[in-house]
Amino acid sequence: MREPRCIGVLAWPKISFRLMNDRATDAAHPRVYLETYGCQMNIADSQTVSAVLRRAGYVSADRAEDADVILLNTCAIREHAEERVLGRLGELSRIKHARPEVKIGLLGCMAQHNRAAIMEKAAFLDVVAGPDSYRRLPEMIGRAGDDALIDVRLDRAETYADITPDYGGGVRAYVTAMRGCDKFCAFCVVPYVRGRERSIAPAELMREIGELAGRGVKEVVLLGQTVNAYRFGDADFGALLKMVASIGGIERIRFTSPHPGDMSDSVIEAMATEPKVQPYLHLPIQSGSDRILAAMERGYTVADYLDLVVRLRAAIPAIALSTDIIAGFHGEEDSDFEATMEVMRAVGYDSAFMFKYSVREHTRAFRLGDSVSREEKGRRLSALIALQEEISLARNRATVGREFPVLVEGQARRGEGMMAGKTPQFKTAIFAGVEGVAAGDTVNVRVDSASSHSLMCSIA
Ligand code: 5AD
Ligand code: SF4
């Protein structure tokens, strides 16, 4: 399950920053604490926010308690995501009470989605800024006084292309290739909170990824809400993949999330022919029932989707697939749900993200209603998760005895001396570290055993 929680706190490289500004005093450098909720896109946006604020003279604080400015970059995809942020705001209100001079800001999708309700619940907020307003944040924070400053204008032209985000360290970097979404799936709030689709010029992306390669990044993940709808002039997403593959030093390319309807021959061809593009695809299906897919306005049928899976597997035999599934969309009957379970078995996903349907204000499905009870959604979700665990385990066990090149990311989270990295199929490989093997290296490993979430390996 992928439920938004705080997924990252950005800490800036203070030492190098101080060196750049060695005559300035700390008082001139307000400390900001930035907490991120939601998807990869939000992490990438937080890196842009970080760059904007750093340019304006801010330094980072490690804890909200020590900060002059506290920012939450939020997610609105499901009600649960918003509830978590509201809970966190409750905690922050205590800091505001104790130190009224602290500025507290709400950024991102929730700011865009429900600002009135939020201002009612958290009247102490100083700044509310939607995803297209980050350029103006320093000014907003500076001006915020007795009244909150709210800027939730969506801007069809804003791509932040000229702002190089503060990438964290590591072998993998997430690079935004396009912003927004034009699909308007009936359940989804994204087009309303992130606005229309817009792609970033290939030249900008090439410059940025080239710089990342120079800093030791080995893998880039191109990001966009419907990333394969990318288009800039004559360049479609297949062309972009090939361009990125020409950058020296970048060894692996991934992207997320594609829409099945935009999975063109050009993209499949680039995946099949360009060795740097990894054999892994997150291909959200949402439901395995044509009736529900139509109500969701997804723009494809189950047969279309399965045909795409066949074409992908023919072109890229090593491909691993993952998906997103929503349990209990309005009108989903037992038979529709069974059809979803059936498609999961038929495709055999390597992994899946599964969610209970959450009615979102402003969406097309808002007025339809919410016919499946909370309990029934819970039952369906549990059944989906149990089935997927079984399938993931079987698929991972099928790799036992096989060898894979693994891009080493660093120490494994658990186990003394253990290291972790990803296989081309984006499966987590864990192995005992050896002298001379470090993050950024690619090593060949053999799979010894597998769980539903990772592969235990030895260096081959
Ligand atoms: N309720 C539940 N899940 C949702 N998603 C998007 N909107 C909703 C909603 N209203 C899921 C979809 C999407 C993923 C990012 O979140 O499965 O692919
Ligand atoms: Fe939401 Fe559909 Fe756009 Fe994905 S493609 S962000 S589910 S509207």
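Residues numbered from 1 in each chain as written. Chains lettered and ligands numbered in written order. Predicted model: local features only at pLDDT ≥ 70, side-chain atom pairs only at ≥ 80, totals over all residues. Heavy atoms only, no water.

S.K.: Got a minute to help me understand the overall build of the protein in this structure?
M.R.: Along the backbone of the protein there are 14 helices and 22 strands. Relative to its length of 460 residues, the protein is compact, with a C-alpha radius of gyration of 22 Å against a globular reference of 23 Å. With respect to the three principal axes, the spread of C-alpha positions in the protein is 60 × 60 × 50 Å. Counting all 460 residues of the protein, 55% fall into the buried class. Residue pairs in contact within the protein that sit at least 24 positions apart in sequence constitute 72% of those at least 6 positions apart. Here the protein has roughly 19600 Å² of accessible surface; of this, 51% comes from carbon and sulfur atoms. Of the side chains in the protein, 58 bear a positive and 62 a negative charge, and the two mean positions are spaced by 2 Å. (Helix = DSSP H or I, 4+ residues; strand = E, 2+ residues; numbered from the N terminus. Rg over C-alpha atoms; globule rule 2.2 N^0.38 Å. Buried < 20%, exposed > 50% of the residue type's maximum accessible area, 1.4 Å probe, protein only. Contact = heavy atoms within 4.5 Å. Areas by Shrake-Rupley, 256 points an atom, 1.4 Å probe, with all protein chains shown as cover. Lys, Arg positive; Asp, Glu negative; His and termini not counted. Charge placed at Lys NZ, Arg CZ, Asp CG, Glu CD.)

S.K.: Teacher, can you tell me more about the sheet that holds strand E16 (residues 320-327) here?
M.R.: Strands belonging to one sheet form pairs held by backbone hydrogen bonds; the direction of such a pair is parallel or antiparallel. A sheet is described by the order of its strands in space; here three strands give the open sequence E15-E16-E17, paired in parallel fashion. Taken across any chain shown, the strands that pair with only one partner, and hence form the sheet edges, are strand E15 (280-282) and strand E17 (351-356). Going across the sheet, the axis of each strand differs from the next one's by a mean of 10°, ignoring polarity. Examined bridge by bridge, E15 and E16 share three bridges and lie parallel to one another. Pairing of Tyr280 across the sheet is with Ala320, part of E16. (Pairing = 2+ DSSP bridges. Axes fitted to C-alpha atoms, helices over the stretch in contact; angles between N-to-C directions.)

S.K.: I tried to follow the pattern of salt bridges on my own but got confused; where do I start?
M.R.: Two side chains that carry opposite charge are able to pair once their charged atoms sit near each other. Taken as a whole and judged by the stated rule, the model has 37 salt bridges. Close ionic contact of Glu376 with Arg380 constitutes a salt bridge, the shortest N to O distance being 2.9 Å. One end of the pair, Glu376, and the other, Arg380, are both in helix H14 (residues 374-397), four residues apart, so they sit about a helical turn from each other. Like Glu376, the residue Arg380 is buried in the burial classification. Counted as one network, the salt bridges with shared partners bring together Glu332, Asp334, Glu376, Arg379 and Arg380. (Salt bridge = Lys/Arg side-chain N within 4 Å of Asp/Glu carboxyl O.)

S.K.: Just to check I follow, could you spell out unusual backbone geometry for this structure?
M.R.: Most of the time, phi is negative for any residue but glycine, and the peptide bond is trans. Geometrically, the link from Thr256 to Ser257 is a cis peptide bond, its omega value of -10° lying close to zero. By the element assignment, Ser257 lies in the loop between strand E14 (252-256) and helix H10 (265-273). Unlike most non-glycine residues, Tyr160 shows phi in positive territory, near 55°. Considering the arrangement of structural elements, one finds Tyr160 in the loop between strand E7 (149-151) and strand E8 (172-176). One non-glycine residue, Gln286, adopts positive backbone phi at about 75°. Tracing the backbone through its elements, the reader meets Gln286 in the loop between E15 and helix H11 (290-296).

S.K.: Sorry if this is basic, but what is going on with H10 here?
M.R.: Three or four residues apart is the spacing at which side chains of an α-helix point the same way, because the helix has 3.6 residues per turn. Every buried residue of H10 is listed here: Val267, Ile268, Ala270 and Met271. Buried residues of H10, seen end-on, are gathered within an arc of 160° and therefore sit on one face of the element. Turning to H10, the residues buried within the fold contact helix H9 (237-245), E14, E15 and helix H12 (302-315). (Arc of directions from axis to C-beta.)

S.K.: Looking at this structure, how should I read the packing of aromatic side chains?
M.R.: Within the structure shown, the criterion is met by eight aromatic pairs. Between Tyr280 and Phe426 the ring centres are 5.3 Å apart and the planes differ by 25°, which places this aromatic pair in the stacked class. A residue pair is termed long-range when its members are at least 10 positions apart, and Tyr280 in strand E15 and Phe426 in the loop between strand E19 (418-422) and strand E20 (428-432) qualify at 146 residues. Under the relative-accessibility criterion, Tyr280 is labelled buried at 16%. Its relative accessible area of 26% is what places Phe426 among the partly exposed residues. Members of the aromatic cluster, connected to one another through ring pairs, are Phe187, Phe329 and Tyr357. Lying across the ring of Phe355, Arg78 places its NZ or CZ 3.7 Å from the centre. Sitting above the plane of the Phe426 ring, Lys422 keeps its charged end 5.0 Å from the centroid. (Phe/Tyr/Trp six-rings, centres within 6.5 Å; stacked < 30°, edge-to-face > 60°. Lys NZ or Arg CZ within 6 Å of the ring centre and 35° of its normal.)

S.K.: Any chance you could explain the environment of Leu293 here in plain terms?
M.R.: Within the secondary structure layout, Leu293 lies in helix H11. The exposure class assigned to Leu293 is buried, which follows from its relative accessible area of 1%. Separated by 43 residues in sequence, Leu293 and Asp336 place their C-alpha atoms 9.9 Å apart. For Leu293, the residues in contact, after removing those within four places along its chain, are Ile285, Ser287, Arg298, Tyr300, Thr301 and Val302.

S.K.: I'm lost on the site of ligand 1 in this one. Help?
M.R.: In the region of ligand 1, 12 residues are neighbours, and Arg78, Phe187, Gln286, Asp324 and Ser358 sit closest. At a separation of 3.0 Å, an oxygen atom of ligand 1 approaches a polar side-chain atom of Arg78. At 2.6 Å from an oxygen atom of ligand 1 is found a side-chain nitrogen or oxygen belonging to Asp324. For ligand 1, whose free accessible area comes to 400 Å², the fraction covered by protein is 88%. Contributing elements (two or more residues each) for the shell around ligand 1: E16 and E17. (Near = heavy atom within 4 Å. Polar contact = N/O pair within 3.5 Å; in protein donor to acceptor, adjacent residues only side chain to side chain.)

S.K.: Before we go on, may I ask you to explain the site of ligand 2 in this structure?
M.R.: Neighbouring residues of ligand 2: Cys181, Lys183, Phe184, Cys185, Phe187, Cys188, Val190, Pro191, Gln225, Thr226, His259 and Arg298. Residue composition of the shell around ligand 2, grouped by class: seven nonpolar, three polar and two charged. (Nonpolar A, V, L, I, M, F, W, Y, C, P; charged D, E, K, R; others polar.)

S.K.: Just to check I follow, could you spell out the pairing of strand E5 (residues 103-108) for this structure?
M.R.: A regular strand places its side chains so that they alternate between the two faces of the sheet. Within E5, five of the six residues are buried, which leaves it mostly tucked inside the rest of the structure. Strand direction decides the pairing type here: strand E4 (residues 69-74) and E5, joined by six bridges, are parallel. If you follow Thr74 over to E5, its bridge partner there is Gly108. In terms of handedness, the path from E4 via helix H3 (residues 79-98) over to E5 forms a crossover that is right-handed. The pairing of E5 with strand E6 (residues 127-129) spans three bridges and is classified as parallel. (Right-handed = clockwise from strand over helix to strand, strands pointing away.)

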